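One letter stands for each residue in the lines below.
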Amino acid sequence: MKLGFIGTGTIAAAIVKGLQASPAKCPVFLSPRNVEIARRLAERYANAQIAATNQAVLDASDTVILAVRPQIAHEVLTSLRFRPDHHVVSLIAAVSLKYLQSVTAPASIVTRAVPLPAVAYRQAPTAMYPPNPTIKALFDELGIVIELESEAEFDAFTTATSIMSTYFGFADTTASWMEHQGVAPQKAHAFVGQMLRGLAAATTVAPDRTFAQMVEDHQTPGGLNEQVFRALLPDGRLVELDRALDGVLARLIAGKLKG
């Protein structure tokens, strides 16, 4: 596989790093658009090189990952000439599969994917639509792949990724509270980080347990965990999070390039 990136941002860089740490090393051709990130990757990895133009990325690649911002997607993609043998993988949130198929024609295989930053450590889930064995094998090197059956399902997965900064905000709030009680920042950070890592591990150790069951596993009636849970989630759900996710989904659908 010869892998090209149109757009070299945070996620593109994470994919390159993860693949270079896996057995699936392959030639990588980088867009010159974000020259600083592209330069660091090219300096670090011998088989990564910066192409002169976005079109040069396509010309050198058989699998092309589209990782530009939605605001400039149409301008960038309509300026490119794709080949029938190209496998196109779009990481762009607000574009439909129909639009991608039209704008990348005559490319015969087009897939949407939503990898997360932890692909850099080969520990991330990647949702993809529609299923494709070649693209699944690529992202299998970076964690686990969840193949989806509809674009509506894909939009729900894309929406769910919007909680990442909130997760770290929760961790920061907890660690900051500890610091206000006189705990040294490095101790608070180490403790909260390891506690959350352990809780995350519980989902893989017991994959058949639902998250609702894990709530019960981690609290006792009248205990400290139940006290905080009921204070923040009086009805057992974060209502404001539901509303926020509804808003993200509506934004995705309203702003989507549909073709």
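Here the structure is a predicted model, which is why all the values come from computation and not from measurement.

Asks: A description of the domain arrangement of the chain should follow, citing residues and the corresponding values.
Replies: Looking at the assigned domains, one finds that the chain contains domain 1 (3-149) and domain 2 (163-253). Put simply, the middle of domain 1 and the middle of domain 2, counted by C-alpha atoms, are 32 Å apart.

Asks: Break down the side chain of E226 for me, citing the residues and quoting the values.
Replies: Within the secondary structure, E226 sits in helix α11 (residues 224-232). By relative accessible area, which is 16% here, E226 ends up buried. The contact partners of E226, leaving out residues within four places of it in the chain, are Q219, T220 and P221.

Asks: Describe the pattern of salt bridges, naming the residues involved and giving the relevant values.
Replies: Evaluation of the coordinates by the stated rule reveals 13 salt bridges. The residue E240 makes a salt bridge to R243 at a minimum N-O spacing of 2.6 Å. With E240 and R243 both in helix α12 (residues 239-254), this residue pair falls 3 residues apart, about one helical turn. For R243, a relative accessible area of 52% puts it in the exposed group.

Asks: Talk me through unusual backbone geometry; I want residue IDs and the actual numbers.
Replies: Note the cis peptide between A105 and P106, where omega equals 15°. Structurally, the position occupied by P106 is in the loop between α5 (97-103) and β6 (109-114). With omega at -10°, the peptide bond leading from Y129 into P130 counts as cis. The topology assignment puts P130 in the loop between β7 (124-129) and α6 (133-140).

Asks: So what's going on with the UniProt feature "binding site: NADP(+)" (unreviewed entry) in the chain? Residues and values would help.
Replies: Mapped onto the present numbering, the UniProt feature "binding site: NADP(+)" (unreviewed entry) falls at A67, V68, R69 and P70. You can see R69 is positioned in the loop between β4 (63-66) and α4 (70-77). Tracing the sequence through the fold places P70 in helix α4. The partly exposed category is assigned to P70, whose relative accessible area is 36%. Setting aside residues up to four positions removed in sequence, P70 forms contacts with I92 and A94.

Asks: Hey, could you go over the environment of T104 for me, with residue numbers and the actual values?
Replies: Here T104 is to be found in the loop between α5 and β6. Each C-alpha atom of the pair T104 and T173 lies 44 Å from the other, and the pair is 69 residues apart in sequence. What T104 contacts, discounting residues up to four positions off in sequence, is L66, F82, V88 and V110. A polar contact of 2.7 Å, which involves the side chain of T104, links it to the backbone oxygen of L100.

Asks: Can you lay out the pairing of strand β5 (residues 87-90) for me, pointing to particular residues and giving the numbers?
Replies: Side-chain alternation along β5 places H87 and V89 on one buried face and V88 and S90 on a second face that is also buried. In terms of strand pairing, β4 meets β5 through 4 bridges, oriented parallel. Among the inter-strand pairings, I65 is bridged to a residue of β5, identified as V89. With respect to chirality, the unit in which β4 leads through α4 into the neighbouring parallel β5 is right-handed. As defined by bridge partners, β5 adjoins β6 across 4 bridges and the pair is classed as parallel. In the strand pairing of β6, H87 is matched with I109. At this point the chain moves from β5, through α5, to the parallel β6, and the crossover so formed is right-handed.

Asks: Can you break down the packing of helix α1 (residues 10-20) against helix α2 (residues 35-44) residue by residue, with the values?
Replies: Between α1 and α2, the shortest axis-to-axis distance is 10 Å and the interhelical angle comes to 5°. With respect to α2, the axis of α1 lies roughly parallel. Listed contacts from α2 to T10, A13, V16 and K17 of α1 are I37, L41 and R44. Residues of the contact of α1 with α2, tallied by class, amount to 4 nonpolar, 1 polar and 2 charged.

Asks: Break down the nonpolar core for me, citing the residues and quoting the values.
Replies: Formed by 30 residues in total, the largest nonpolar core has its most connected members in F5, I15, L30, I65 and F139. Residue assignment for this core shows that the elements contributing at least two residues are β1 (3-6), α1, β2 (28-30), α2, β7 and α6. A total of 6 residues in this core trace back to one element, the largest contributor, which is α1. In contact with F139, not counting residues within four places along its chain, are I15, V89, A113, P115, T126 and V145. Ranked by size, the runner-up nonpolar core spans 28 residues in total, among them A51, V88, V114 and A127.

Asks: Can you lay out the UniProt feature "domain: Pyrroline-5-carboxylate reductase dimerisation" (unreviewed entry) in the chain for me, pointing to particular residues and giving the numbers?
Replies: Residues given the UniProt feature "domain: Pyrroline-5-carboxylate reductase dimerisation" (unreviewed entry) here are residues 151-234. What you have in residues 151-234 is 76% helix and 0% strand, and the ends, taken at the C-alpha atoms, are 33 Å apart.

What counts and how
- Residues numbered from 1 in each chain as written.
- Predicted model: local features only at pLDDT ≥ 70, side-chain atom pairs only at ≥ 80, totals over all residues.
- Heavy atoms only, no water.
- Domains from an automatic or database assignment.
- Helix = DSSP H or I, 4+ residues; strand = E, 2+ residues; numbered from the N terminus.
- Buried < 20%, exposed > 50% of the residue type's maximum accessible area, 1.4 Å probe, protein only.
- Contact = heavy atoms within 4.5 Å.
- Salt bridge = Lys/Arg side-chain N within 4 Å of Asp/Glu carboxyl O.
- UniProt positions renumbered as here; feature names shortened; annotations may be inferred.
- Polar contact = N/O pair within 3.5 Å; in protein donor to acceptor, adjacent residues only side chain to side chain.
- Pairing = 2+ DSSP bridges.
- Right-handed = clockwise from strand over helix to strand, strands pointing away.
- Axes fitted to C-alpha atoms, helices over the stretch in contact; angles between N-to-C directions.
- Parallel < 35°, antiparallel > 145°, perpendicular 65-115°, else oblique.
- Nonpolar A, V, L, I, M, F, W, Y, C, P; charged D, E, K, R; others polar.
- Core = buried A, V, L, I, M, F, W, Y, C linked by side-chain atoms within 4.5 Å.

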